[in-house]
Amino acid sequence: MKRRDIFIFVPQPGKAAEAKEYLADWLRSLGGHPGYLGGSVLEEVAGELLPDTLVMLLEFESTEAARALWPKIENTINPLYPDDKSDKSPDQGTAFFDGAGSPLKFTRGNGLLARMLHIHAGVADEFSTEPAPAGAR
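Now for a quick tour of the structure.

Notes on the pattern of salt bridges
Thinking step 1. Counting across every chain of the model gives seven salt bridges.
Thinking step 2. Where lysine 2 meets glutamate 59, a salt bridge forms, and the shortest distance between an N and an O atom there is 3.0 Å. Here the residue lysine 2 occupies a position in the segment before strand 1 (3-11), and glutamate 59 occupies one in strand 3 (residues 54-60), the gap between them amounting to 57 residues.
Thinking step 3. For lysine 2, a relative accessible area of 30% gives the class partly exposed.
Thinking step 4. Look at glutamate 59 and you get buried, because its relative accessible area is 18%.
Thinking step 5. A single network of salt bridges, built from pairs that share partners, joins Lys2, Arg4, Glu59 and Glu126.

Encoded structure:
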């Protein structure tokens, strides 16, 4: 079963362009990892979330392929793990709902990003209007 991992970030104020470029470069740096199928960086465009909210998607051929990546990156500076590896604080998604009353902590990607939320999801079903490859569902 394919797996998609979704991460929602808010960049430090004034650093949205740098954050988008950083996330895109980081996704590309994963090329060649067995089972990594690629990813996307999306930007919120409706003004419904905190300013400059970014979403990063990673796609893997399986949960096993995704899990094999984590040990390779957990001790590096990257957007998924805190820069300070002793930091075990939770995601900051509550800021979406409390009007950002709490100051965000920019603890990812060398201090560039605040991680708001992450989801590790197996693909239960998908639909595309593009023709499916031979043998696909």
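Let us keep going from here.
A look at the nonpolar core
Thinking step 1. Phe9, Trp26, Met56, Leu58, Phe60 and Leu80 are the most contacted members of the largest nonpolar core, which totals 20 residues.
Thinking step 2. Of all the secondary-structure elements, those providing two or more residues to this core are strand 1, helix 1 (16-29), strand 3 and helix 2 (63-73).
Thinking step 3. At five residues, helix 2 tops the list of elements feeding residues into this core.
Thinking step 4. Sequence-distant contacts of phenylalanine 9, that is, excluding residues within four places in its chain, are made with Leu23, Asp52, Thr53, Leu54, Met56, Pro79, Leu80, Leu113, Ala114, Arg115 and Met116.
Thinking step 5. Core analysis: the second largest hydrophobic core is formed by seven residues, Ile8, Val10, Ala114 and Met116 among them.

Here's the deal with the packing of aromatic side chains
Thinking step 1. Inspection of the entire model under this criterion finds three aromatic pairs.
Thinking step 2. With a centroid separation of 6.3 Å and 15 degrees between ring planes, the pair formed by phenylalanine 7 and phenylalanine 9 is classed as stacked. Here phenylalanine 7 and phenylalanine 9 have matching classes, each one buried.
Thinking step 3. An aromatic cluster is present here, built from Tyr36, Phe60 and Trp70 joined pairwise through their rings.

A short note on helix 2
Thinking step 1. What helix 2 keeps buried is the set Ala65, Ala66, Leu69, Trp70 and Ile73. Looking straight down helix 2, one finds that the buried residues subtend no more than 150 degrees of arc, so they occupy a single side. Turned more than 90 degrees away from the buried face of helix 2 sit Glu64, Arg67 and Pro71, all of them exposed.
Thinking step 2. On its buried face, helix 2 is in contact with strand 1, helix 1, strand 3 and strand 4 (113-122).

Describing the environment of serine 128
Thinking step 1. Summarising the element assignment, serine 128 is placed in the segment after strand 4.
Thinking step 2. Residue classification places serine 128 among the partly exposed positions, given a relative accessible area of 43%.
Thinking step 3. Sequence-wise, serine 128 and alanine 95 are 33 residues apart; in three dimensions their C-alpha atoms are separated by 33 Å.

Quick notes on the rules
Residues numbered from 1 in each chain as written. Predicted model: local features only at pLDDT ≥ 70, side-chain atom pairs only at ≥ 80, totals over all residues. Heavy atoms only, no water. Salt bridge = Lys/Arg side-chain N within 4 Å of Asp/Glu carboxyl O. Helix = DSSP H or I, 4+ residues; strand = E, 2+ residues; numbered from the N terminus. Buried < 20%, exposed > 50% of the residue type's maximum accessible area, 1.4 Å probe, protein only. Core = buried A, V, L, I, M, F, W, Y, C linked by side-chain atoms within 4.5 Å. Contact = heavy atoms within 4.5 Å. Phe/Tyr/Trp six-rings, centres within 6.5 Å; stacked < 30°, edge-to-face > 60°. Arc of directions from axis to C-beta.

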